[in-house]
Amino acid sequence: MRSSSPANTTVLALIAAFTALRLALAAMLPLGVDEAYTLSVAHDLQLSYYDHPPLQYWIAHLFMPLLGDGRTARLPFIGLFAVSSWLLYRLTQVLFSAQAGVTAVLALNCSAFFTFAGGWVLPDGPLMLALLAAALVLARHFFAPQAPRRGALTAWLLAGFWLGIAALAKYHALLFAIGLLLFLAGVPSRRHELRHAGPWLASLLALLIATPVLAWNIEHDWISVGYQAGRARFGGQLHPEYVLANLIGQAIWILPWIFVPLVIAAWRVSRAGRTAERSWYCLCLGLPTIAVFTVAPRWGFTCVALLVLLGTVLASHAATGFGRILAPRLFAYGDPTLDAFEWSQLPGELRARALLQSGDFLITTNWMYAGRIDQALHHTVPVVVFGGNPKEFGLRYDPAEFLGRDALVLGPADSMKGVAGRLRPYFDAVDELAPFGLGRSGMQEIPLRLMRAHCLLKPLPSPFRQPSNTRRVPEPCRGRGLGDSDASPALP
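Residues numbered from 1 in each chain as written. Predicted model: local features only at pLDDT ≥ 70, side-chain atom pairs only at ≥ 80, totals over all residues. Heavy atoms only, no water.

Asker: Report on the pairing of strand 5 (residues 446-456), specifying residues and quantitative values.
Answerer: A regular strand places its side chains on the two faces of the sheet in alternate fashion. Most of strand 5 is tucked away: 9 of the 11 residues are buried. When strand 3 (residues 407-412) meets strand 5, the two strands line up antiparallel, connected through 6 bridges. Paired with Pro-412 across the strands is Leu-448, a residue of strand 5. Across 9 bridges, the pairing between strand 4 (residues 427-438) and strand 5 is antiparallel. Across the sheet, Val-430 pairs through a bridge with Ala-453, a residue of strand 5. (Buried < 20%, exposed > 50% of the residue type's maximum accessible area, 1.4 Å probe, protein only. Helix = DSSP H or I, 4+ residues; strand = E, 2+ residues; numbered from the N terminus. Pairing = 2+ DSSP bridges.)

Rendered as structure tokens:
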């Protein structure tokens, strides 16, 4: 097909329009909790990380000298989603038709979740690109023999390369491989592929590329795999209400007028079975994860205006909190958009109150707050989590590193109950400080509670085995109070 064909031109125009929309949303919407955590953790270059394989962190780390650790860090991920949209078009074109490809790209970009999250600093963007590339390579191998080919082995090795890249993005890549195996084993005309070296060499190549993830997990007692497996643990009893709630949630995130046709199409393919080989290929690739997320949504054109309006309203409220001013009763029991509120006011508040002194470290109660704090302070002060699962923050520092040092303890007031009592055995003294709040449009939406912990006497507890075997001798307590004049760290 010529690059100037009407379908190609339409798809490129769609991709350009939605990329422009995501650029606008990226500038308007504050960083989400997971994004702030990712950008905080990405300062440290590791083989892999606690909650996900490393690719999203590597990308953020690579561009950090140029883009920083704020909203502009979304730019590479917006670019990745634009490439993914093109790959989806080419895949659908190979399997069905160019017009079907146009519809698929429109539906993907109009689905509510991908409209917004298509440019977020998350592992899903790199994962989607890599899996679409692998699916496209194999679709050409299986269904487009008339197209220029490099040979079956080359096609399989390319697929293995992309599957390895996907494994560096998210553990869900394994489910794609299982779906591919279901297709090969379940379609009689494709079983011969398993008797050749291609699929097995591709598997070895994927494992080789994913070696950093395996090496990191071996070094850290497989805590990352254990964490993800624990999130999906089956309690031995099926709860239909949970399944229904999950389906409703998917329908809302994808939008019902896309979700319902998708379910109907999947049902028709399952009824047709292996006779509809191209559609069966798509269903098999998504079948292992069909209960978790929906792939390749399809629908028409009228949702674009609705999404632009919805995005504008949500972005405006998330940035300014105007909804709490106009209709406070609607938010009497909480405001979910506060999850997207950046704590950028924190450095100024700390500086104005001279709360941080040279050598201090910060303690908070949750990995989400740790990500917010570290991202706001741009990695200038060590942040540790006391209580709960710290995720990667539990691996960043040796607990003995802070012996003899003072700490500023802070977090949302409702998360700080009992913290002072639990900290006192570790410090010489723990004093309460005057609280303050953060919020939009001058409102105190997130009241913070603060304490100063003087002189760490013994290492804070860590849920993870520390790689260092060195025993540190506690530094002498400095006996410095709040009124001393030691220089403060250079806050942003």
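Asker: Explain the pairing of strand 1 (residues 361-364) to me, using residue names and the numbers behind them.
Answerer: What you see with strand 1 is no split at all: Phe-361 and Ile-363 on one side and Leu-362 and Thr-364 on the other are buried throughout. Looking at chain direction, strand 1 and strand 3 are connected through 3 bridges and run parallel. Residue Ile-363 lies in a different strand from strand 3, and its bridge partner there is Val-409. In terms of strand pairing, strand 1 meets strand 2 (residues 383-385) through 3 bridges, oriented parallel. Residue pairing in the sheet places Thr-364 in a bridge with Val-385 of strand 2. The β-α-β motif built from strand 1, the intervening helix 19 (residues 367-376) and the parallel element strand 2 has right-handed crossover chirality. (Right-handed = clockwise from strand over helix to strand, strands pointing away.)

Asker: Break down the packing of helix 8 (residues 152-169) against helix 10 (residues 197-209) for me, with residues and values.
Answerer: Relative placement of two packed helices is described by the angle separating their axes and the distance separating the axes. Where helix 8 contacts helix 10, the axes come no closer than 7 Å and their chain directions differ by 30°. Taken together, the axes of helix 8 and helix 10 lie roughly parallel to each other. The handedness of the crossing between helix 8 and helix 10 comes out as right-handed. In this structure, helix 8 contributes Leu-153, Trp-156, Leu-157, Gly-160, Phe-161, Leu-163, Gly-164, Ile-165 and Leu-168 to the contact, and helix 10 contributes Gly-198, Pro-199, Leu-201, Ala-202, Leu-205, Ala-206 and Ile-209. (Axes fitted to C-alpha atoms, helices over the stretch in contact; angles between N-to-C directions. Parallel < 35°, antiparallel > 145°, perpendicular 65-115°, else oblique. Left-handed = near helix turned anticlockwise from the far one by under 90°. Contact = heavy atoms within 4.5 Å.)

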